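Close look at the chain arrangement
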Amino acid sequence: NCSCPCDANRYHRGISMIGSINHIAIAVHDLGVASAQWRERVGAVVSAPQRLQKHGVKVVFIAASNGKVELLEPLDDKSPIAKFLERNPDGGLHHICFDVPDLIASRDQLLATGARILGSPDPEIGAHGKPVLFIHPKDLTGSLIELQQA
């Protein structure tokens, strides 16, 4: 047994809580323009837009052979994406989403190590209809990470 606040049965045996990358999210000002760029410039297959009122965004997904790209447009000025675009006027990489086999166990492990969950520690339903959580960027190499129940 170790003295660190981890799940020693998993962590020290080298078993990661994260699975494959589900999607990489990019914040954009105009979903229509961004979708057209992806279609016209690289031949991307772009999904129909979805409004996620609870998250303050409209999204589309672009299929890739090993995951997806999610384009995010703010619904209004109160959206977290609007705030991101204020700081990053050209848009850009917003977050990376990983599938996890057990979201609650992953959350508990993160909290035990001192990491913070953005918003409520209780999962919310994300764009794929599955529970998700976001890890505070200051607690994981300055990058916003989303965990999604696989």
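Residues numbered from 1 in each chain as written. Predicted model: local features only at pLDDT ≥ 70, side-chain atom pairs only at ≥ 80, totals over all residues. Heavy atoms only, no water.

**What to know about helix H4 (residues 103-112)**
Count 3.6 residues to each turn of an α-helix, and residues three or four apart come out pointing the same way. Among the residues of H4, Leu103, Ser106, Arg107, Gln109 and Leu110 are the ones counted as buried. All buried residues of H4 project into a common sector of 165° when viewed along the axis, lining one side. Structurally, the start of H4 carries an N-cap: the backbone nitrogen of Ile104 is 3.3 Å from a side-chain oxygen of Asp102. Note on H4: the residue one or two positions beyond its end, Gly114, has a positive phi of about 95°. (Buried < 20%, exposed > 50% of the residue type's maximum accessible area, 1.4 Å probe, protein only. Helix = DSSP H or I, 4+ residues; strand = E, 2+ residues; numbered from the N terminus. Arc of directions from axis to C-beta. Polar contact = N/O pair within 3.5 Å; in protein donor to acceptor, adjacent residues only side chain to side chain.)

**So, a nonpolar patch on the surface**
Taken together, the side chains of Ile21, Ile24 and Leu93 define a hydrophobic patch exposed on the protein surface, amounting to about 250 Å² of accessible area. Among the structural elements, Ile21 can be located in strand S1 (residues 21-27). (Patch = residues over 30% accessible without salt bridge, like charges linked within 9 Å, V, L, I, M, F, W, Y side chains within 5 Å. Areas by Shrake-Rupley, 256 points an atom, 1.4 Å probe, with all protein chains shown as cover. Salt bridge = Lys/Arg side-chain N within 4 Å of Asp/Glu carboxyl O.)

**Some words on the side chain of His23**
Tracing the backbone shows His23 in strand S1. A distance of 3.3 Å separates a polar atom in the side chain of His23 from a polar atom in the side chain of His95. Not counting residues within four places of it along the chain, the set of residues in contact with His23 comprises Phe61, Lys68, Glu70, His95, Ile96, Cys97, His128 and Glu146. (Contact = heavy atoms within 4.5 Å.)

**Remarks on the sheet that holds strand S3 (residues 57-64)**
Strand order across the open sheet formed by eight strands is S2-S3-S4-S1-S5-S8-S7-S6, with mixed pairing between neighbours. In the strand order of this sheet, the two ends are held by strand S2 (50-52) and strand S6 (124-125), each with one partner. The pairing of S2 with S3 spans three bridges and is antiparallel. Across the sheet, the residue bridging to Gln50 is Val59, located in S3. Sheet strands touched by helix H2 (residues 31-42): S1, S3 and strand S4 (67-74). Its angle to S4, the strand with the most contacts, is close to 155°. Strands in contact with helix H3 (residues 80-87) are S1, S3, S4 and strand S5 (92-100); relative to S4, the strand with the most contacts, it is inclined by about 90°. (Pairing = 2+ DSSP bridges. Axes fitted to C-alpha atoms, helices over the stretch in contact; angles between N-to-C directions.)

**A closer look at unusual backbone geometry**
Glycine aside, residues mostly have negative phi, and peptide bonds are mostly found in the trans state. In this structure, Thr141 takes a positive phi of about 55° despite not being glycine. Here Thr141 lies in the loop between strand S7 (131-135) and strand S8 (145-149). On the accessibility criterion, Thr141 (76% relative accessible area) is exposed.

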